[in-house]
Amino acid sequence: MATATINIAAEYKVADIGLAEFGRREMDVAEQEMPGLMAIRNKYAAGKPLAGVRVMGSLHMTIQTAVLIETMVALGADVRWASCNIFSTQDHAAAAIAAAGVPVFAWKGESLEEFWWCTNQAMNFPDGKGGLLGPQLVIDDGGDATLLIHKGYEMENGDPWVNSPSEAHEEDVIKALLKKVQAKYPSRWRDVVKQWRGVSEETTTGVHRLYKMFEQGKLLVPAINVNDSVTKSKFDNLYGCRESLVDGIKRATDVMVAGKIAVVCGYGDVGKGCAASLRGLGARVVVTEIDPINALQAAMEGYEVTTVEETLGRGDIYVTCTGNVDIITVEHMQQMKDQAIVCNIGHFDNEIQMEKLIAVPGIEKLTIKPQVDKFTFPAGNSIFVLAEGRLVNLGCATGHPSFVMSNSFANQTLAQLDLWKNKDSYKVGIYLIPKKLDEEVARLHLEKIGVKLTTLTQRQADYISVPVEGPYKADFYRY
């Protein structure tokens, strides 16, 4: 096993650099469970296709992400990193990356002010002359880095958003940061945009943001939608959540899931994984949905499908996974069964009305341990909220297993290679990874789990009009 060597010249801010060797040991283990990502690293490393390219990452600073970062470095990139969630950093992973000489700004339990400071720091590439350069490529998860660049650029071009009323405290934090940057570097974001060549987006929420910006004519660079690669959405979102949801709930509460009524809000890929996870441990699962197709799918799988309101007073565990806002309101929480557990596995913290919960007159908050809070209402009933309404699997546990993240991060690596290769030809828009590469990502993981593929004969391939070597499905096929 490798030993972490601390590069004291590296620029970083982490919780404890002394955790670097622990992080390195876990990275060594993770690499063996990430065959797809490692195969891509080994294939491209010698050619250094990203030599000197400035890559900024805003993605959960976990052990698995550390393996992604070192893959980008192996391909030649100049990398700087921040986490995309205030609770998701694994401090030993951040320490290992900092010790390896990669500038990283992340620690578990950041304030919102610290979080956005970290995001900005990760974009500040020194130019060697005392000035700053910006990233040429961005790896984003949830769209925070993309948002910061766009809002800064719009501000410098006269947009009044930074001086408008805010809907949440986090907006105030972003606006204050942008004003601070502008005071020191008046043309900072216009300079960044001149250098920026593309972004690859990891998650559903960030993809929604990209499409919205594109429809409004505001998107500034080509973007690759990694989330909707089959080997991401059907693996990370579904199979990853199927394992990591209950890991987070159990580490936080030690609750017995069997026999409980668990309410899963949303039945997309994430919801499907969560429902299966809870049912696998013996919970009686109720699903809430707005989409008639998803609702029918849930019903055909044997789940009760109803509204949140119909579950109040009998639900024991609530999980939000919709990517929307105000899914569980403060009025819902006041009517929940005493000792109910409330958590979220959607990207942001606004699926549960946390700010309104904290503002309830007479409410008492008791922190049981980090990321586990008991809220007692004036009427005497209590609920437990996990990870302050943020991602429970990363706030209260360690996120998805390495093997499934190998699928996601193999896609991220291919997306970054594609963006740079086509930097002079891609127009502003949103692109998907080609089906053939999607299939290749899956193929790279089969040997690890003992899968043997059947090979088409030429006659069979001709019969269904596909190449013997694939791709095997049309782009419109739904897995």
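Before reading on, note that the structure itself is shown above.
Residues numbered from 1 in each chain as written. Predicted model: local features only at pLDDT ≥ 70, side-chain atom pairs only at ≥ 80, totals over all residues. Heavy atoms only, no water.

**Student:** Hey, could you run me through the nonpolar core in this one?
**Tutor:** A general tendency of soluble globular proteins is for nonpolar side chains to be buried together. Residues Leu 50, Met 61 and Trp 81 are the most contacted members of the largest nonpolar core, which totals 43 residues. Listing elements by their share of this core, those giving two or more residues are helix H1 (20–32), helix H2 (35–44), helix H3 (63–74), strand E2 (78–82), helix H4 (91–99), strand E6 (137–140) and helix H17 (402–421). Discounting chain neighbours no more than four positions away, the residues touching Met 61 are Ala 66, Ile 69, Trp 81, Ser 83, Ser 88, Thr 89, Gln 90, Ala 93, Ala 94, Ile 97, Val 104 and Ala 106. The next biggest cluster of nonpolar side chains, apart from the first, holds 37 residues, and it includes Trp 116, Ala 122, Val 138 and Val 173. (Core = buried A, V, L, I, M, F, W, Y, C linked by side-chain atoms within 4.5 Å. Buried < 20%, exposed > 50% of the residue type's maximum accessible area, 1.4 Å probe, protein only. Helix = DSSP H or I, 4+ residues; strand = E, 2+ residues; numbered from the N terminus. Contact = heavy atoms within 4.5 Å.)

**Student:** What exactly am I supposed to notice about the sheet that holds strand E3 (residues 104–105) here?
**Tutor:** Adjacent strands of a sheet pair through backbone hydrogen bonds, lying either parallel or antiparallel. Taken in spatial order, the seven strands line up as E3-E2-E1-E6-E7-E8-E17 in an open sheet, and their pairing is parallel. Each end of this open sheet is capped by a strand with a single partner; those strands are E3 and strand E17 (430–431). Docked against the sheet, H3 engages strand E1 (54–58), E2 and E6, running at close to 160° with respect to E2. (Pairing = 2+ DSSP bridges. Axes fitted to C-alpha atoms, helices over the stretch in contact; angles between N-to-C directions.)

**Student:** Help me understand unusual backbone geometry, please; the structure alone is not making it clear to me.
**Tutor:** Most peptide bonds adopt trans geometry, and most residues besides glycine take a negative phi value. Cis peptide bonds are those with omega within 30 degrees of zero, and the linkage from Gly 470 to Pro 471 qualifies with 5°. Positionally, Pro 471 belongs in the segment after helix H19 (458–464). Positive phi is not limited to glycine here, since Lys 48 has a value of about 45°. Turning to its location among the elements, Lys 48 is positioned in the loop between H2 and E1. Its relative accessible area of 40% is what places Lys 48 among the partly exposed residues.

**Student:** Can you help me understand the pattern of salt bridges in this one?
**Tutor:** Two side chains carrying opposite charge are able to pair once their charged atoms lie near each other. Per the counting criterion, the structure on display carries 16 salt bridges. For Arg 197, the salt bridge identified is with Asp 424, shortest N-O distance 3.2 Å. Residue Arg 197 is located in the loop between helix H8 (188–195) and strand E7 (198–201), and its partner Asp 424 is located in the loop between H17 and E17; the two are separated by 227 residues in the primary sequence. Residue Arg 197 is classed as partly exposed on the basis of its relative accessible area, which comes to 27%. (Salt bridge = Lys/Arg side-chain N within 4 Å of Asp/Glu carboxyl O.)

**Student:** Can you help me understand the environment of Ala 283 in this one?
**Tutor:** Position of Ala 283 among the secondary structure elements: in the loop between helix H11 (269–280) and strand E10 (284–288). With 27 residues separating them along the chain, Ala 283 and Met 256 place their C-alpha atoms 9.2 Å apart.

**Student:** What exactly am I supposed to notice about a nonpolar patch on the surface here?
**Tutor:** Nonpolar side chains collect at one region of the surface, where Ile 449, Val 451 and Leu 453 lie side by side and expose about 270 Å² of accessible area between them. Mapped onto the elements of the fold, Ile 449 is located in the loop between helix H18 (435–446) and H19. Judged by its relative accessible area of 52%, Ile 449 is exposed. (Patch = residues over 30% accessible without salt bridge, like charges linked within 9 Å, V, L, I, M, F, W, Y side chains within 5 Å. Areas by Shrake-Rupley, 256 points an atom, 1.4 Å probe, with all protein chains shown as cover.)

**Student:** Is there a simple way to explain the sheet that holds strand E9 (residues 261–265) in this structure?
**Tutor:** Read across the sheet, eight strands follow the order E11-E10-E9-E12-E13-E16-E15-E14 without closing on themselves; strand pairing throughout is mixed. Pairing within the sheet leaves two strands with one partner each, and these edge strands are strand E11 (304–305) and strand E14 (364–369). As defined by bridge partners, strand E15 (residues 372–376) adjoins strand E16 (residues 382–386) across five bridges and the pair is classed as antiparallel. Across the sheet, the residue bridging to Asp 373 is Val 385, located in E16. Docked against the sheet, H11 engages E9, E10 and strand E12 (317–320), running at close to 175° with respect to E9.

**Student:** Looking at this structure, how should I read the packing of aromatic side chains?
**Tutor:** Each aromatic ring pair is characterised by the separation of its centres together with the angle its planes make. Counted by the stated rule, this structure contains six aromatic pairs. Its guanidinium or amino end placed over the ring of Trp 161, Lys 175 lies 4.8 Å from that ring's centre, counting from NZ or CZ. (Phe/Tyr/Trp six-rings, centres within 6.5 Å; stacked < 30°, edge-to-face > 60°. Lys NZ or Arg CZ within 6 Å of the ring centre and 35° of its normal.)

**Student:** Sorry, what's going on with the side chain of Arg 41 here?
**Tutor:** With respect to the helices and strands, the residue Arg 41 is situated in helix H2. Those residues in contact with Arg 41, other than ones at most four positions away along the chain, are Glu 31, Val 67, Glu 70, Thr 71, Ala 74 and Leu 75.

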